Amino acid sequence: MRTVHVTDALSAYVDGALNEGERAQVERHLETCEECRRHLTALRDLVTLVRSSEPIGAPEGFRAQVRARVEQMGARPSATRRWPVMPLPWRVIGAAAAVAIIGIFAVNLLRTQGPVAMREIRAPAPSDSQAVTRDQVKSGADRMNAETPSAPEIAQRTIPGQRSVARRVALTALPVLTLGALAWIAIRRRRLRRAW
Amino acid sequence: MSEVELVARSRCGDTAAYDQLVGAYQHRIFSLAYRITGNREDAWDAAQEAFLKAYRNLRGFHGRAAFSTWLHRIAVNAALDVVRRRPAQLPVSLDVPLSALDDPADEVMRKDVQQRVHRAIATLPFEQRVVIALRDLQGMRYEEIAEALQIPVGTVRSRISRGRETLRVMLADLAPASGEGRTA
């Protein structure tokens, strides 16, 4: 019959950290297993040895140095905090903001209709509106015809003006770069303060 | 003044109140840092940093955990920072305070045992070293250790078990002479 030893549970048994069921199981096993009983004795000896270690107290001057450094930090603990406390780490907020702004930037740049196209749609050609009768104006299809621009006009409007593209790039790049720089600074500050 | 009052005053910038807290915890925290880092110089740095970090972050301590548990967590992290910045070096000699023993030979033997135990703990993997120190040297319960380290109780249990098994093998020759059939 295969014996299942309880060696993994013996440490917790020594510490009284087993629940009732586990403890009963271990004690039942110990009644019949000499190997585990020996193991338990050795473990208890080891724990006694470690716990008998001389406590190493803080040396002379330790407390005074903590006090001096605390007083140097300023009267209020909050005075030393330069970054406000947020629910998420600053590097997460910075990274999320950078991604969001880059996403808006990409969408903005890929948009096919610009301010030039909007002006032309609002003012249809004069000759078309004069030729329309009252009945035809009431029908939705003819209204659409009066307002729909011709093919060459569409081709002209879907290509945004070069000056407006440059302006959009500049206006969107500025906040992107600013937020990117802030996020980079936040990450660097956290890295400097912690070893990992 | 109770610890709760001292913590509340410290949060408002009362450095004298915080000095009282430091006084209450300095030996425990230094001892823990010493076991984790392995030498006194690193222990000093780690323990100092732990108390300063705790003072700076008091605003973030909301009293959900015990102050002691929270402080121990900060101390473990501070010791980890020191260990990672400087590779842990085994101490060449152990400065164990002399106690009043009549026989100098006994004292030498005791120092030797202390040294062996300290070195054995210092060679454990960091994770096992921390839980052994918190359990056997700080006397914390498994649940307190789990809360301090933010790990499951089952993980605490297995790390203590593995750490002690390693120590048992390393220190087998120090076991009491009584008892037969001890196997390594």
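These remarks concern the structure in this document. (Residues numbered from 1 in each chain as written. Chains lettered and ligands numbered in written order. Predicted model: local features only at pLDDT ≥ 70, side-chain atom pairs only at ≥ 80, totals over all residues. Heavy atoms only, no water.)

Further remarks concern the overall build of chain B. From N to C terminus, chain B includes eight helices and zero strands. Looking at chain B as a whole, 48% of its 184 residues are labelled buried. Of the contacts made within chain B by residues no fewer than 6 positions apart, 61% connect residues no fewer than 24 positions apart. Roughly 8,700 Å² of accessible area belongs to chain B as shown, and the carbon and sulfur atoms make up 52% of that amount. (Helix = DSSP H or I, 4+ residues; strand = E, 2+ residues; numbered from the N terminus. Buried < 20%, exposed > 50% of the residue type's maximum accessible area, 1.4 Å probe, protein only. Contact = heavy atoms within 4.5 Å. Areas by Shrake-Rupley, 256 points an atom, 1.4 Å probe, with all protein chains shown as cover.)

All names here are of chain B. Between helix α4 (residues 67-85) and helix α6 (residues 126-137), whose axes approach to 12 Å, the crossing angle comes to 145 degrees. Judged by the twist between their axes, the crossing of α4 over α6 is right-handed. Residues His 72, Val 76, Leu 80 and Val 83 of α4 pack against Phe 126, Val 130 and Leu 134 of α6. Residues belonging to the contact of α4 with α6 are distributed by class as follows: six nonpolar, one polar and no charged. (Axes fitted to C-alpha atoms, helices over the stretch in contact; angles between N-to-C directions. Left-handed = near helix turned anticlockwise from the far one by under 90°. Nonpolar A, V, L, I, M, F, W, Y, C, P; charged D, E, K, R; others polar.)

A full pass over the atoms with the stated rule returns 18 salt bridges over all chains. With a closest N to O distance of 3.0 Å, Asp 15 of chain A and Arg 164 of chain B form a salt bridge. With Asp 15 of chain A in the loop between α1 (7-14) and α2 (20-32) and Arg 164 of chain B in helix α8 (residues 153-170), the pair connects residues from two separate chains. Take Arg 164 of chain B: its relative accessible area is 0%, and that puts it in the buried class. Each of Asp 15 and Arg 51 of chain A together with Arg 135, Asp 136 and Arg 164 of chain B takes part in salt bridges that share partners, so that together they form one network. (Salt bridge = Lys/Arg side-chain N within 4 Å of Asp/Glu carboxyl O.)

Moving on, we get to the nonpolar core. Judged by nonpolar contacts, the single largest core of 73 residues is most densely connected at Tyr 18, Phe 51 and Phe 67 of chain B. If you tally residues by element for this core, the top one is helix α2 (residues 15-37) of chain B, at eleven residues. Residue contacts for Phe 51 of chain B: discarding those within four places in its chain leaves Phe 62 and Val 66 of chain A together with Tyr 18, Val 22, Tyr 25, Gln 26, Ile 29 and Leu 71 of chain B. (Core = buried A, V, L, I, M, F, W, Y, C linked by side-chain atoms within 4.5 Å.)

Below, the discussion takes up the packing of aromatic side chains. Tallied over the full model, the rule gives eight aromatic pairs over all chains. A ring pair is formed by Phe 62 of chain A and Phe 51 of chain B, whose centres lie 6.0 Å apart and whose planes are at 65 degrees; its orientation type is edge-to-face. One end of the pair, Phe 62 of chain A, is in helix α4 (residues 62-72); the other, Phe 51 of chain B, is in helix α3 (residues 40-56), on a second chain. By relative accessible area, which is 0% here, Phe 62 of chain A ends up buried. When its relative accessible area of 1% is taken as the criterion, Phe 51 of chain B is described as buried. Centroid distance Phe 61 of chain B to Phe 67 of chain B: 5.7 Å. Interplanar angle 80 degrees. Geometry classified as edge-to-face. Phe 67 of chain B carries the same exposure label as Phe 61 of chain B, and that label is buried. Put simply, the rings of Phe 62 of chain A together with Phe 30, Trp 44 and Phe 51 of chain B pair up and form one aromatic cluster. Across from the ring centre of Tyr 34 of chain B, 5.7 Å away, lies the NZ or CZ of Arg 40 of chain B, which sits over that ring. (Phe/Tyr/Trp six-rings, centres within 6.5 Å; stacked < 30°, edge-to-face > 60°. Lys NZ or Arg CZ within 6 Å of the ring centre and 35° of its normal.)

Residues and elements named next belong to chain B. All of the buried residues along helix α1 (residues 3-11) are Leu 6, Val 7 and Ser 10. Buried residues along α1 cover an arc of 100 degrees about the axis, so they all sit on one side. In this structure, the buried residues of α1 make contact with α2, α3 and α4. Directly after α1, the chain includes Gly 13, whose backbone phi takes a positive value near 100 degrees. (Arc of directions from axis to C-beta.)

As a further point, take the environment of Ala 43 of chain B. Residue and element names in this part refer to chain B. By secondary structure assignment, the location of Ala 43 is in helix α3. A relative accessible area of 0% places Ala 43 in the buried class. Expressed as a C-alpha distance, the spacing of Ala 43 and Ala 79, which sit 36 residues apart in the sequence, is 7.3 Å. When neighbours within four sequence positions are excluded, Ala 43 is seen to be in contact with Phe 30, Ala 33, Tyr 34 and Thr 37.

Here the focus is α6 of chain B. Residue and element names in this part refer to chain B. Over its twelve residues, α6 extends 15 Å from the first C-alpha to the last, a length consistent with the 16 Å expected when each residue adds 1.5 Å. For α6, the tally of buried residues reaches nine of twelve residues, placing the bulk of the element in the interior. Among all positions in α6, only Gln 128, Arg 129, Val 130, Val 131, Ile 132, Ala 133, Leu 134, Arg 135 and Asp 136 are buried. One or two positions beyond α6, positive phi appears at Gly 139, with a value near 70 degrees. (Expected span 1.5 Å × (residues − 1).)

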